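# A closer look at the structure
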Amino acid sequence: MAGPGAEVGALLAQVQEDLQQLKAKLRGISQGWESVDVGSLEDAIERTKSGLRKHAEKYLNAVNKSVLTISPFESTGPCSRQISKWGIPVEASQKEIVFPEMSSVSVQRGTSSPHVTSSSKQKVLTMLKLLSDPQNAQNRKVLNQNYGVSMPLMRKRKMAPVSPRRVAKGVTVGNLSVAPPSFHLDSSCSVLPLTKMDAQKGILSLIERGLIPRAARITLEKPLLLPKPAPLHEFHSKHKKRSTGGSAESKKTVAAMAPPRSLTSKGSKGTKGSIAPPPSCTSVVSLKKPKLLPGIQTWQSAVHSAGLQKTPEVTLTQGFRDLPVEFNIVIRKGNLDHGAPDLLAFKDHCCLFWGSALCFLERVARLLRDYAVPLAVVKGKKVMELLLDFEFHQRPTRQEFLSVIKNQVAVRKLLNRPGQRYRGQNGTEAAATKIQATWRCYTFRKAYINFRRRQWASGVVAISWLVRMHMVRVRKTLRESRQKHLENFYARAKHLAANWNRIRTSKRTVIHIPSLGYAQYVREATPDFAIHQGSQIGRLCEIQDPNVDVIYVCPLQLSEELRQYYRKLLGLQAAVRSGDPEDIADLQDRFKILTPEAVNSFSSRPLALATLLKYSPKTIQRIRNLIRGREAYIVGGLLHQDDLEVADVLDLPVLGPDPEVSRLYSSKSGSRRVFAAAGVPMPPGQQDIYSRKQEPALAKISQELPGLLAQHAKAVNEKRFPTWGKFLQTFVSQGGVIEAFPPSDSVTNLTVDMLIEPTGTITTVCAGDQIHADGPLRSSGTTFPQASVEPGVLNSLCLKIGEACRARGVVGYFSVDFATFIHPQTMGQQVWAVDLDLHYSDHLSLTQVLLYVTNGKLDSRSRRFEVQLAPKKLKFWQVRKEQPQAASQVTRCVVMSSSMTHHNLSLIYYSVFLQMCKAQGIGFDVQQKEGTIFMLFEDQKRHRFGMLTIGEHLQGVLMTFAHHLFIIYQELSAPNMHAETNFKGAVQDIEMILGVAEHNKLQFEEEDLQASKAQGLTK
């Protein structure tokens, strides 16, 4: 059987014979498999595997026509390669490898072999695979069944994991011959025989394979490049094809241009692989200039001698800079004279680069021709210097063109003359092109500007629309948020009203936020707005009620000195009750002073305190921690939308009206509506002077009234309104009221603070007569209790106003200002309601301090303020002779102010100021409950403070208050320092009050005397 079948059969026979021998060896072993020579068994298996691999590989390579691979076994079969003594691999003879024919391995579909069926062939192939793979689990079973050999159980070999995507790399072509290592070491082996196939691979391949030494000198029989002289032609003339023979004149030229052989041979001898320098263009000299030959030959010999010695890199321009020859090329009317001697001589000098030189000259001539320059002289030496740059850049500037002209001043003057370009070559066409280009540029520029204007306008419109829509969305969100806050405000106010009777008698925490929610223009126009908000620190004194704890939110940063001062002041409560100055308690756990952290971020902007608190999450969180699990509510100032948001965040009710109600009825026009609804007397006048119908009248007033007012009137606040024009401008822009001033020279103003509880109960808290230190219509303080109006009349007016406010939804604290005077016609006292403020006032804050330091009570009906004096305590050595006296009730009068100003106070510290007052006898007597107490607001500017003076009689208190102001003024003022203060205004107003009081006293005494005389006569 021929072909692969015969080989497979022989292989099987060999395998059977080997296994028979192995079986014979194993029969002689009587004990188990412990002493079996496993190596013999492995050798037999490896031989079987090797034979199968070889023949299977031959068969598959012959079928697939693939390249044979080297077998991994150490064998000298036909797959191994023989190496010659030169190191060149010699392929095995084709006769050693017998490949099967394709016809013998191809099987036609539907036919079968006459000797071997397909099923038996499949079984044989399967058995061969199992026998060739000793690691297969079925190998032992096949050997045992067919040959009766029981193979031992062998451990499975661990094979390295092969990546399924790994690409097999290998050589698919035969290796090329390589020089053996001995060839490079043996100097006798100088030449290697090269085959035709090696030569076809190229010189580089032979050098890389080591067949040709790298330092060998290669001589080619046929050179790749042949030197040949290139003929030069005129730039303006057409190239004519050169004849075969050539003329004698051209031969002379070529002979002249060729370099000397002596120079070339010497140059090649000196250095290995060096090339002789190119011939200089000056070696070709025209015979028409015999005078130039000596200088040029000298320069040529110098150049060649330098080239033979060192051969440096010499540029063309460096060689021509040393020439003593200058070529003046004349250009007339923009045309070159090609027959001029200078141009021909310049051409001979520049024979090697005459094309570039002529191109440059033509460019210069074209420029001169375009500008109609009649005559210009070009310096040939300068042209040669610029040729290298011209070759590289190809676009010389006008300045470079003018630099080669000898008479460039005259030429530049012509070139700069307006319109000169249009007098030259193609001037008309250039002018037409310029006009058209200018017109196109103008039209395109105009269209572009219009396009950009429209584009800008469309962008502005789009941005404005986006901003507007964003503002609409933000306003809608704010409107919804504020509506939600307002609904929550009313819900909590309703809950507060339902539980007010229980809350006011139980343990509670009151959060005081003295925020003034004025409009922005009012806040910006108010100087020291933060100090104005922080002047109600007297709210801390509400801890007089043992069931009340106070959290005071301060709009200013307080130093430790000020905090210590108020801790001592509030600790006097026990001393006031007992009358012992040493009996001082520590009540700092009953009150907390908090400052929002946003004060530092918005220090330059006059913001409401509620707004600052809204942007202070740390302070809000601390308030939450302090009121956790306790009854609490907020007492604000002039409420704002931010107050409602803060209340919503803290989830606390507010003792106050709706911000819109507060803003509406706190204005002059709103207060007149309330007074009209209450039916109380008010000044004659007109409110709400701001509408569309009134604009012409207001414009006429603003034109005519300033002159009349300047002659017959005087502004009350000249700092705010220095001129009547400024006042009318503000009045027309904002609107206002016009009211009559009381027809009397003696007008007394008083302030009444009231409370409308959530249940609707109306209460008069305090009342006092005003002191005017900053002007006749601006309150700077009050005298307490008020003594200008009968209590019954005043209570009746206040009750009517309170009912009108309650009907409009006003809740909480508010104050009413009245003006009283003696009518000149009826000679009777009249009381006008002039102002209404729906917020916690400074007067009420000072009243809380007064009630705290005196432990007194105000009887609003009898117009008396009474305090209880504690009995004097005897010393331990004193003998008690009488019965202990009971506490006595005495009346007290008070003068208090929260706006005393002196700018020199900022020069000293508060501790020095208090020591100075103590040295001057200014202080407070705890036992007698009389004296002076100071209210300090801040310690940054320190120019404003509050002051309370308590005494037995009104006249004595007024005099004591004025005397203390005089002492402080003397201590703070200096002869060479003039500080701003309102002490003088306060003293003058007090003196006027004292004069009126003295006059009234004398009048009352005279009336009493006349009444007693009349009564005696009747008797």
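Refer to the structure presented above.
Another point: the overall build of the protein chain. Scanning the protein chain for helices and strands turns up 36 helices and 23 strands. Sorting the 1019 residues of the protein chain into buried and exposed places 35% on the buried side. For the protein chain, long-range pairs separated by at least 24 residues make up 67% of all intrachain contacts whose partners lie at least 6 apart in sequence. Summing over all exposed atoms, the protein chain offers an accessible surface of approximately 63,500 Å²; the carbon and sulfur share of this is 55%.

For the structure shown, the criterion picks out 15 aromatic pairs. Judged by centre distance (6.2 Å) and plane angle (40°), the ring pair of Phe602 and Tyr615 falls under tilted. Here Tyr615 lies in the loop between helix H25 (609–614) and helix H26 (617–627) and Phe602 lies in the loop between helix H24 (598–601) and H25, a separation of 13 residues in the sequence. Take Phe602: its relative accessible area is 30%, and that puts it in the partly exposed class. Taking 6.2 Å as the distance between ring centres and 90° as the angle between the ring planes, the aromatic pair formed by Phe945 and Phe983 counts as edge-to-face. In this pair, Phe945 sits in strand S23 (residues 944–951) while Phe983 sits in helix H36 (residues 983–1018), placing the two residues 38 residues apart along the sequence. With relative accessibility at 0%, the residue Phe945 sits in the buried group. Members of the aromatic cluster, each reached through a chain of ring pairs, are Phe913, Phe934, Phe945 and Phe983. The positively charged end of Arg539 is found above the aromatic ring belonging to Tyr840, 3.9 Å away from the centroid.

Turning our attention to the pattern of salt bridges. Taken as a whole and judged by the stated rule, the model has 17 salt bridges. For Arg590, the salt bridge identified is with Asp549, shortest N-O distance 2.9 Å. In this pair, Arg590 sits in the loop between helix H23 (573–578) and strand S8 (591–594) while Asp549 sits in strand S7 (residues 548–553), placing the two residues 41 residues apart along the sequence. For the salt bridge of Lys614 with Asp642, the shortest nitrogen-to-oxygen distance reads 3.0 Å. Here Asp642 lies in helix H27 (residues 641–650) and Lys614 lies in helix H25, a separation of 28 residues in the sequence. Within this structure, Lys507, Asp549, Arg590 and Arg630 form a network of salt bridges that share partners.

A cis amide bond, omega -5°, links Phe784 with the succeeding residue Pro785. In this fold, Pro785 is placed in the loop between strand S14 (781–784) and helix H32 (791–807). The backbone phi angle of Lys333 is positive, close to 55°, even though this residue is not glycine. In this fold, Lys333 is placed in the loop between strand S3 (328–332) and strand S4 (335–336). Lys333 gets classed as exposed once you look at its relative accessible area, which sits at 63%. At Asp528, a position not held by glycine, the phi torsion is positive, near 55°. Following the sequence through the fold, Asp528 ends up in the loop between helix H20 (520–525) and helix H21 (529–533). Judged by its relative accessible area of 28%, Asp528 falls in the partly exposed class.

Let us now look at the packing of helix H13 (residues 341–349) against helix H14 (residues 354–370). Where H13 meets H14, the axes come as close as 9 Å, and the angle between the chain directions of the two elements is 145°. Here the hand of the crossing between H13 and H14 comes out right-handed. When H13 is examined against H14, the residues Leu343, Phe346 and Lys347 are found in contact with a partner set consisting of Trp354, Ala357 and Leu361. Among the residues making up the contact of H13 with H14, the classes are represented as five nonpolar, no polar and one charged.

Counting buried positions along strand S9 (residues 631–635) yields four of five residues, so the element is predominantly enclosed. Pairing of strand S6 (residues 508–512) with S9, which is carried by five bridges, proceeds in the parallel orientation. Across the sheet, Thr509 pairs through a bridge with Ala632, a residue of S9.

Below, the discussion takes up H26. Each α-helix turn comprises 3.6 residues. Residues three or four places apart therefore point the same way. Every buried residue belonging to H26 is among Thr619, Ile620, Ile623 and Ile627, and all of these are buried. Burial along H26 is one-sided: seen end-on, the buried residues are contained in an arc of 100°. Facing away from the buried side of H26, by more than 90 degrees, are the exposed residues Pro617 and Lys618. Along its buried surface, H26 packs onto S6, S7, S8, H25, S9 and H27.

We now examine the packing of helix H18 (residues 427–498) against H27. At their nearest, the axes of H18 and H27 sit 9 Å apart, and the two run at 65° to each other. When the axis of H18 is compared with that of H27, the two are roughly perpendicular. Once H18 is placed against H27, the crossing between them reads as left-handed. Along the contact surface, H18 presents Arg482, His485, Leu486, Asn488, Phe489 and Arg492, while H27 presents Gln641, Leu644, Glu645, Ala647 and Asp648.

We now examine the side chain of Ser535. Residue placement: Ser535 occurs in the loop between H21 and S7. Residues contacting Ser535, with those up to four places away along its chain left out, are Asp842, Ser845, Phe937 and Arg944.

On to the pairing of strand S12 (residues 748–756). Of all nine residues that make up S12, eight are buried, and the element is covered over most of its length. Pairing between S12 and strand S15 (residues 812–822): nine bridges, direction antiparallel. Bridging from a neighbouring strand, Thr748 pairs with Thr820 of S15. Pairing analysis gives seven bridges linking S12 to strand S13 (residues 762–771), with the strands arranged antiparallel. When the bridges of S13 are listed, Met754 appears paired with Thr764. Taking the residues between adjacent antiparallel strands as the criterion, S12 and S13 are bridged by five residues, where Gly760 takes a positive phi near 100°.

A separate point is helix H33 (residues 842–854). In this model H33 runs 19 Å from its N-terminal to its C-terminal C-alpha over 13 residues, within 8% of the 18 Å that 1.5 Å per residue would give. The set of residues buried in H33 consists of Asp842, His843, Leu844, Ser845, Leu846, Thr847, Gln848, Val849, Leu850, Tyr852, Val853 and Thr854. Looking one or two residues past H33, Asn855 carries a phi angle of roughly 55°, positive in sign.

The sheet built from three strands is open, its strands ordered S17-S18-S19 with antiparallel pairing. Edge positions in the sheet fall to strand S17 (857–859) and strand S19 (888–891), since each of these pairs with one other strand and no more. The average angle at which neighbouring strand axes cross in this sheet is 35°, direction not considered. Pairing of strand S18 (residues 864–869) with S19 involves four bridges; the strand directions are antiparallel. Note that in S19 the partner of Glu866 across the bridge is Thr891.

The strand order across the open sheet built from three strands is S4-S3-S5, with neighbouring strands paired in antiparallel fashion. The open sheet has two edge strands with one neighbour each: S4 and strand S5 (375–379). Note: S3 against S5, five bridges, orientation antiparallel. When the bridges of S5 are listed, Ile331 appears paired with Ala376.

Turning our attention to the environment of Leu594. By the secondary structure assignment, Leu594 is in strand S8. Judged by relative accessible area, Leu594 falls into the buried class, the value being 3%. Along the chain, Leu594 and Leu558 lie 36 residues apart, while their C-alpha atoms are 9.3 Å from each other.

So, how was this worked out
Residues numbered from 1 in each chain as written. Predicted model: local features only at pLDDT ≥ 70, side-chain atom pairs only at ≥ 80, totals over all residues. Heavy atoms only, no water. Helix = DSSP H or I, 4+ residues; strand = E, 2+ residues; numbered from the N terminus. Buried < 20%, exposed > 50% of the residue type's maximum accessible area, 1.4 Å probe, protein only. Contact = heavy atoms within 4.5 Å. Areas by Shrake-Rupley, 256 points an atom, 1.4 Å probe, with all protein chains shown as cover. Phe/Tyr/Trp six-rings, centres within 6.5 Å; stacked < 30°, edge-to-face > 60°. Lys NZ or Arg CZ within 6 Å of the ring centre and 35° of its normal. Salt bridge = Lys/Arg side-chain N within 4 Å of Asp/Glu carboxyl O. Axes fitted to C-alpha atoms, helices over the stretch in contact; angles between N-to-C directions. Left-handed = near helix turned anticlockwise from the far one by under 90°. Nonpolar A, V, L, I, M, F, W, Y, C, P; charged D, E, K, R; others polar. Pairing = 2+ DSSP bridges. Arc of directions from axis to C-beta. Parallel < 35°, antiparallel > 145°, perpendicular 65-115°, else oblique. Expected span 1.5 Å × (residues − 1).

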